[in-house]
Structure formats: C-alpha cells, structure tokens
Amino acid sequence: MKKLFVARQPNLFEKFAFPHFKINEDYKIIDAVLEDETIVMELAKDFPDVATGRNRTPIEQTLRFIVLKTQKQLDYRSMERTLQNNLEDRWFCKINEETPCFKTIQNQISTVSDKTMHAINDRIIKEARIRKFTKGKKMRIDSTITESNIHYPTDSSLLVDAMRLVVRTVKQSTQAIPSGFRTFKRKIRYAQNIIRTIGRRNKEAREKAIRELMEMGKHIARTSKHIHQRTITKQRILLERIIAQTETVLSGIRVKERIVSIFETSARPFRKGKAGKKVEFGQEAQIVEDEHFITSWAIHNKPSDTAYFATAFKKHKHVHGKLPREVAADRGYWSPENQQAAMDHGVTHISIAKKGKKAHPEEETTNLRKWKSLQRWRAGGEAKISLLKRKYGLTRSYYQGQRGMALCVGAGVIACNLATFARMAMVTGP
C-alpha cells in the first residue's frame with residue numbers, strides 16, 4: 001500500500017551513544033524545503049494507489065533518496081551502506097528503524113517521471129522567490145551533452161552486440177529453438193581478432209571480416225523469425241537495422257540517423273571539437289537559469305539551440321510568472337527571429353552574439369557596456385554546467401533509457417538548486 005509521509009522518531013541508542021552528534025545546517029535547510037506537502041503530493045502521482053499488498057517505502061523518503069544519491073554521487077549499494085552507518089544521512093532520509101535494501105531504493109527512484117521532477121523544481125524556485133533569493137529579471141541559456149553509459153560504437157562491435165543479444169534471448173526463450181539456428185560463437189571471436197590485429201593496418205582484411213559478421217547476423221535474424229515473441233522480434237529488427245547501417249557505411253554513404261548502441265537507442269553522436277574527446281555519445285540538455293537557480297531544462301535527441309530559444313521564454317514565464325528583462329546566450333541561439341521575438345516580449349537588454357560578420361550598427365551594440373556585462377554573466381552559465389558535471393552527475397548517465405536520462409538530468413538540477421538554496425539561506429539568515 002502507498003504511504004506518503006513518515007514521522008522522524010528519536011533513537012535513544014544514538015542519542016546516548018553519540019551525545020555530541022549534530023546535523024549540518026545545510027541539511028536542516030534542505031530538510032525544511034522538502035517537508036513541503038505539495039512536493040510530496042506531486043511525487044505521489046507517480047506511484048500507484050493500491051489497497052492491497054505490503055506497505056511501500058514512504059513517498060516522502062524517495063525524494064530524499066534522490067537528493068542524497070545525487071549530491072554524494074553514490075550507486076545503489078553504496079546508498080544502502082551509507083544509510084546503515086551514517087547518522088546524518090539516516091536523519092536526512094528519515095530512517096527510523098531498518099534501512100531499505102538497495103533494490104528497494106532503486107525501484108523507488110526509477111518510478112519518478114520527468115514531469116514530476118519539473119514540478120518539484122518549480123516548487124523549489126517558488127520557495128526561493130518567496131524568500132527573495134531570486135527575482136527572475138535575468139535569463140541565460142546554454143546547452144551541454146550528457147553522455148550515455150555505452151562503449152565507443154564501431155560497426156563491428158554493434159553487430160557483435162546485437163547478435164549476442166538475440167542469441168541470448170533465444171536461448172532463454174521458453175519456445176523451441178528453430179532448426180538451423182546457430183550462435184557462431186567461435187566465428188564471431190575469430191572475426192573480432194582479425195579486426196583488432198590485421199584490420200588495424202589492412203582495410204581490405206577489416207572490411208572482409210565485417211562482411212562475414214554481417215552474413216552471420218543475417219543468418220541469426222532469418223532463423224529467429226520463427227520465434228514469435230515480442231522481445232526477440234524487437235531485437236531482431238534492431239539487428240537488421242544495424243546490418244543495413246553497416247552495409248550503407250561500407251558502400252561509402254554517410255548514415256544520418258546512426259544507431260550507436262543497442263541498449264541506448266536514443267543516444268546520438270555529437271561533435272563538440274574537444275581536444276581529448278572529439279565525439280560524445282548521448283543527448284543534449286538545455287539549461288535555463290535566472291539570477292541564481294536553474295529554472296528549467298530539456299533533453300533532445302535532435303537538438304536545435306535556435307529553435308529552443310522561444311521555449312525557454314515560455315518556461316521562464318511559467319516559473320516566475322513574468323518574462324525576463326535581460327537575456328544572455330551564446331551565438332548558437334542567435335537568429336533574426338529570436339532577436340525580434342525577445343524585443344516583442346519586452347526584453348530591455350539582449351546580449352546574443354551574431355553568427356558571421358557583424359554590420360556597423362551591430363558593432364556599436366556589442367561595444368556597449370551593458371552588452372559586455374551580460375556576456376560576462378552568460379559565461380557564468382559555463383561554470384554552472386561544469387558544476388553540474390563535476391558534482392551532480394551530468395557528465396554521464398548511469399540510468400538506462402530515455403526515462404533514465406531524464407531522471408539523471410532532473411536529479412542533478414534539483415540537487416544543485418537545493419544546495420544553492422541552502423547556501424543563500426545561510427548567508428541571508430532566517
């Protein structure tokens with residue numbers, strides 16, 4: 001049965017065994033924010049309301065699990081251990097008796113949707129506005145890539161992964177294995193060795209080995225058609241798509257909608273021109289900020305910074321109830337339509353660098369003190385993104401699927417906003 005709230009009960013053993021134990025001030029501030037019933041009720045929408053069965057872990061604890069896991073960058077097993085041993089974390093998550101096992105924590109966290117994460121963040125921003133930590137007069141926007149947890153995709157590795165997945169599922173199926181079905185275990189290993197050794201120096205040997213893998217994949221896909229099971233059918237179609245993709249690449253044609261993982265099919269390749277990492281495989285996250293907090297975010301497979309600019313305005317108005325007076329962004333968001341739309345919305349100062357060569361009036365605009373000041377403030381968005389990547393897990397998503405990517409980004413944003421809220425509350429006082 002669904003249980004919403006849990007009362008914090010004093011533990012007499014901990015009280016007498018650790019008489020000098022104190023809770024950090026930032027934990028107390030974040031705890032006060034998460035005590036909001038509106039947040040708990042919003043979170044409860046993702047959990048089914050059933051009248052039978054054993055009691056679930058209280059919904060109120062789920063968001064605390066997410067915040068603690070994200071702020072300390074823990075996996076689920078480490079999360080269980082820290083809740084068993086760390087008195088401060090037990091207090092924050094309201095653990096009164098037995099600690100839930102890591103599988104329970106995982107099931108609770110994975111149930112939360114992206115829509116709920118946005119609603120919770122809106123409530124945190126509303127509380128910040130009530131405390132006058134932010135006024136929503138400014139808006140800056142930037143994008144970053146959150147990588148999926150996949151290996152570097154080559155045509156041969158994708159073929160091997162897809163074939164092994166189909167073979168494993170067919171073996172686990174309750175239906176009879178069709179006659180003529182082969183696993184090609186040794187042949188696949190031999191072809192892989194050719195690609196790793198001779199194929200590094202000899203293009204013809206590498207392509208020959210890849211074509212042999214394609215023939216094996218076609219045989220596995222053809223013989224597995226006789227098993228009528230949804231999972232096998234889905235995996236077989238994916239294998240056929242990878243075979244077709246590999247044939248296109250070997251023919252010298254560039255593939256636009258390239259599959260880069262058999263498990264993370266929504267991941268896309270992004271060329272960012274970084275020195276140590278030329279291509280990143282994942283999804284793009286758009287980050288919208290006001291003076292201090294991240295007001296909203298969005299995840300895209302086919303990103304377009306220019307097209308997202310208008311959406312950022314709508315989300316800022318949804319959170320703050322008004323449009324910003326000052327807007328700053330990099331040149332990726334510039335277009336004549338966006339410039340005119342910002343002016344139509346009543347934005348007083350717009351600081352977006354134009355793509356290409358500047359005309360004489362535009363040079364005068366970029367030399368204004370306010371324009372330069374907003375560009376310096378915009379550069380602070382790069383620091384916020386760096387913080388999200390270093391401390392809040394936006395470098396790589398270890399959750400699976402599109403829902404997992406949304407959970408990774410949303411959890412990082414909420415944890416970052418709560419830390420900012422606590423820092424500002426300690427500076428300004430009650």
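This text follows the structure it describes.
No experiment lies behind these values; they were computed from the predicted model shown.

A. Quick look at helix α17 (residues 401-428). The first and last C-alpha atoms of α17 sit 41 Å apart over 28 residues, in line with the 40 Å expected at 1.5 Å per residue. Within two residues after α17, Gly429 carries a phi angle of roughly 85°, on the positive side.

B. Broad picture of the packing of aromatic side chains. Applying the stated rule across the entire model yields 4 aromatic pairs. Between the aromatic rings of Tyr152 and Phe281, the centroid separation amounts to 5.3 Å while the plane-to-plane angle is 90°, which identifies the pairing as edge-to-face. Of this pair, Tyr152 sits in the loop between β1 (138-148) and α9 (155-172) while Phe281 is found in strand β3 (residues 279-289), placing the two residues 129 residues apart along the sequence. Between Phe309 and Phe313, the aromatic rings sit 5.2 Å apart at their centres with planes inclined by 75°, giving edge-to-face as the arrangement. With Phe309 and Phe313 both in helix α13 (residues 305-320), this residue pair falls 4 residues apart, about one helical turn. Both residues of the pair, Phe309 and Phe313, count as buried. Directly above the aromatic system of Trp91 lies the positively charged group of Arg8, at a separation of 4.0 Å from the ring centroid. Above the plane of the ring of Trp377 lies Arg140, whose end atom (NZ or CZ) is 4.7 Å from the centre.

C. Inspection of the pairing of β3 at higher detail. For β3, the buried fraction is high: 11 of the 11 residues fall into the buried class. Bridge analysis of β1 against β3 gives 8 bridges, and the strand direction is antiparallel. Residue pairing in the sheet places Ser143 in a bridge with Gln286 of β3. As judged from the 4 bridges shared by strand β2 (residues 268-271) and β3, these two strands associate in the antiparallel manner. Opposite Arg271, over in β3, you have Val279 as the bridge partner. Bridge count between β3 and strand β4 (residues 294-300): 6 bridges; the pairing is antiparallel. Its bridge partner being in β4, Ala285 is matched across the sheet by Ile299. Here β3 folds back onto β4 in antiparallel fashion, the turn holding 4 residues.

D. Structural context of the nonpolar core. With 58 residues, the main nonpolar core has Phe65, Leu83, Phe92, Ile109, Met117, Val409 and Leu418 as its most contacted residues. Here this core gets 15 residues from one element, more than from any other, and that element is α17.

E. Examining the state of the cysteines more closely. Overall, the coordinates contain 0 disulfides when judged by the stated rule. Just so you know, Cys416 is unpaired, no disulfide at all, and the nearest cysteine sulfur is the one on Cys408, 13 Å from it.

F. Main features of the environment of Asp155. Position of Asp155 among the secondary structure elements: in helix α9. Look at Asp155 and you get buried, because its relative accessible area is 12%. On a C-alpha basis, the gap between Asp155 and Ser266 in space is 17 Å, while along the polypeptide they are 111 residues apart. Excluding residues that lie within four positions of it along the chain, Asp155 makes contacts with Gln245, Thr246, Val249 and Arg258.

G. How the structure looks around unusual backbone geometry. At Lys94, a residue that is not glycine, the phi angle is positive and equals roughly 60°. Within the secondary structure, Lys94 sits in the loop between α6 (87-92) and α7 (102-110).

H. Spatial organisation of the pattern of salt bridges. The full count for this structure, using the stated rule, is 18 salt bridges. Of the charged contacts in the structure, one is a salt bridge between Lys72 and Asp89, with a shortest N-O distance of 2.7 Å. With Lys72 in helix α4 (residues 59-72) and Asp89 in helix α6, this residue pair connects regions lying 17 residues apart in the sequence. Judged by its relative accessible area of 35%, Lys72 falls in the partly exposed class. Asp89 sits in the buried class, given a relative accessible area of 0%. Across the salt bridge formed by Lys218 and Glu215, the nearest N and O atoms sit 3.8 Å from each other. Taken together, the residues span about one helical turn, with Lys218 and Glu215 both in helix α11 (residues 203-223) at a distance of 3 residues. For Lys218, a relative accessible area of 28% puts it in the partly exposed group. Residue class for Glu215 comes out partly exposed when judged on its relative accessible area of 49%.

So, how was this worked out
- Residue numbers here run from 1 along each chain, matching the order of that chain's written sequence.
- Given that this is a predicted model, residues contribute local features only at a pLDDT of at least 70 and side-chain atom pairs are listed and counted only at 80 or more, while totals for whole chains, interfaces and linings are drawn from all residues.
- No hydrogens and no water enter the side-chain calculation; it runs on all heavy atoms of the structure.
- Helix and strand labels come from DSSP, where a helix needs a run of H or I of at least four residues and a strand needs a run of E of at least two; each type is numbered from the N terminus.
- Helices are assigned an expected span. That span is 1.5 Å times one less than the residue count.
- Any two of the Phe, Tyr and Trp rings considered here, Trp counted by its six-membered ring, make a pair once their centres fall within 6.5 Å; the pair's planes then place it as stacked at under 30 degrees, edge-to-face at over 60, or tilted in between.
- Relative accessibility thresholds used throughout: buried, under 20% of the residue-type maximum; exposed, over 50%; partly exposed, between the two (1.4 Å probe, protein chains only).
- Lysine NZ or arginine CZ positioned within 6 Å of the ring centre and within 35 degrees of the ring normal marks a charge as sitting over the ring.
- In this scheme, strands are said to pair when DSSP sees at least two bridges between them.
- As used here, the term nonpolar core means buried Ala, Val, Leu, Ile, Met, Phe, Trp, Tyr and Cys residues forming a set that is joined through side-chain atoms within 4.5 Å.
- Here, the term disulfide refers to a pair of cysteine sulfur atoms separated by no more than 2.5 Å.
- Any two residues whose heavy atoms approach within 4.5 Å at even a single point are treated as in contact.
- The term salt bridge refers to a pairing of a side-chain nitrogen on Lys or Arg with a carboxyl oxygen on Asp or Glu at a separation within 4 Å.

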